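Observations on the model geometry
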Amino acid sequence: DARVTQTPRHKVTEMGQEVTMRCQPILGHNTVFWYRQTMMQGLELLAYFRNRAPLDDSGMPKDRFSAEMPDATLATLKIQPSEPRDSAVYFCASGLVPESARGYTFGSGTRLTVV
Amino acid sequence: QKEVEQNSGPLSVPEGAIASLNCTYSDRVSQSFFWYRQYSGKSPELIMSIYSNGDKEDGRFTAQLNKASQYVSLLIRDSQPSDSATYLCAVNRDTGFQKLVFGTGTRLLVSP
């Protein structure tokens with residue numbers, strides 16, 4: 001089965017450090033989402049890309065977060081500097097638009113803990 | 001008002017019963033609707049999608065959509081303990097900026 005691959009699975013870092021999370025979408029998918037999940041807020045959309053172009057990153061704190069898609073096989077989410085409130089599970093999901101009716105496939109997530 | 005609203009639960013049903021999960025959305029432009037299941041510590045997985053008003057059945061699952069009322073639901077027949085999970089409703093536009101927006105999920109507990 002095709003899958004979305006996220007690395008690392010777990011990350012513990014100290015406040016102020018840079019964190020980079022990576023996502024390899026399913027081959028052929030043209031849309032990539034980054035979500036953050038916490039108990040309080042649920043799944044929050046941070047950013048998404050279509051054909052590698054950023055379409056919307058309004059859900060992302062611009063001063064510390066950045067998302068890029070340097071090529072079709074890699075999406076990155078970077079936090080610099082990290083803060084304890086960034087502790088959450090970060091999911092990447094990919095899909096094919098206009099066939100989005102099939103839904104989007106999620107990666108296993110990166111569990112980030114900032115201490 | 002949140003774009004997608006769900007009752008957080010937990011919704012408790014006995015094994016073999018029908019579980020009914022509900023979701024309302026605010027964006028009338030929404031065209032595609034999805035139900036994801038998420039087990040604790042795991043990633044969401046797609047179980048149903050629906051695009052037209054009415055019912056769509058897949059095995060023990062039935063999705064129901066009413067665009068006029070901006071309401072989508074998921075029925076699980078013959079509930080099993082293995083169905084215990086959080087069920088996430090998601091909506092998507094098919095035009096313009098398509099962004100998949102999730103509700104906060106309803107936790108379902110199926111007791112043996």
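For the structure itself, consult the block above.
Below: a short report on this structure. Keep in mind that this is a model prediction, so the values were computed, not measured.

Some details on the overall build of chain A
Looking only at helices and strands, chain A has zero helices and 11 strands in total. In chain A, the succession of helices and strands from N to C terminus is β-β-β-β-β-β-β-β-β-β-β. Against the globule reference of 13 Å for 115 residues, chain A gives a C-alpha radius of gyration of 13 Å, in line with a compact fold. With respect to the principal axes defined by its C-alpha atoms, chain A has extents near 40 × 25 × 25 Å. Burial status across chain A gives 47% buried among its 115 residues.

Overview of the state of the cysteines
In a disulfide, the sulfur atoms of two cysteines are covalently bonded to one another. Residue and element names in this part refer to chain A. Per the counting criterion, the structure on display carries two disulfides over all chains. Between C23 and C92 runs a disulfide, and the two sulfur atoms are separated by 1.9 Å. Taking the torsion about the S-S bond as the criterion, the C23 to C92 disulfide, at about -55 degrees, is left-handed. A residue pair is termed long-range when its members are at least 10 positions apart, and C23 in strand β3 (residues 19–24) and C92 in strand β9 (residues 88–95) qualify at 69 residues. According to the relative accessible area criterion, C23 is buried, its value standing at 1%. When its relative accessible area of 0% is taken as the criterion, C92 is described as buried.

Here we look at the pairing of β9 of chain A
Residues and elements named next belong to chain A. Burial of β9 is extensive: eight of the eight residues sit out of reach of the surface. Of the two faces of β9, both are covered, the one formed by A88, Y90, C92 and S94 as well as the one formed by V89, F91, A93 and G95. Relative to β9, strand β4 (residues 31–38) runs antiparallel, the two being bridged by seven bridges. Within β9, the residue paired with W34 across the bridge is C92. With three bridges joining them, β9 and strand β11 (residues 110–114) adopt antiparallel strand pairing. Along β11, the bridge assignment pairs V89 with R111. In this structure, β9 lies alongside strand β10 (residues 105–106), joined through two bridges in antiparallel fashion.

Structural notes on the packing of aromatic side chains
Working definition: an aromatic ring pair is given by the centre-to-centre distance plus the angle between the planes. All names here are of chain A. Considering all chains together, one arrives at 10 aromatic pairs over all chains under this definition. Ring plane angle 80 degrees and centroid distance 6.0 Å describe the contact between F91 and F106, whose orientation is recorded as edge-to-face. Linking F91 in strand β9 with F106 in strand β10, this pair joins segments that are 15 residues apart in sequence. In terms of burial, F91 and F106 fall into one category: buried.

Quick word on the sheet that holds strand β7 (residues 61–66) of chain B
Residues and elements named next belong to chain B. Judged by pairing direction, the sheet is antiparallel, and its five strands sit side by side in the order β1-β3-β8-β7-β6 without closing on themselves. On the outer flanks of this sheet lie β1 (4–5) and β6 (54–58), each paired with one strand and no other. Both strand β3 (residues 19–25) and strand β8 (residues 71–76) contribute to a ladder of six bridges, which runs antiparallel. Note that in β8 the partner of S20 across the bridge is L75.

About the cut-offs
- Residues numbered from 1 in each chain as written.
- Chains lettered and ligands numbered in written order.
- Predicted model: local features only at pLDDT ≥ 70, side-chain atom pairs only at ≥ 80, totals over all residues.
- Heavy atoms only, no water.
- Helix = DSSP H or I, 4+ residues; strand = E, 2+ residues; numbered from the N terminus.
- Rg over C-alpha atoms; globule rule 2.2 N^0.38 Å.
- Buried < 20%, exposed > 50% of the residue type's maximum accessible area, 1.4 Å probe, protein only.
- Disulfide = S-S within 2.5 Å.
- Pairing = 2+ DSSP bridges.
- Phe/Tyr/Trp six-rings, centres within 6.5 Å; stacked < 30°, edge-to-face > 60°.

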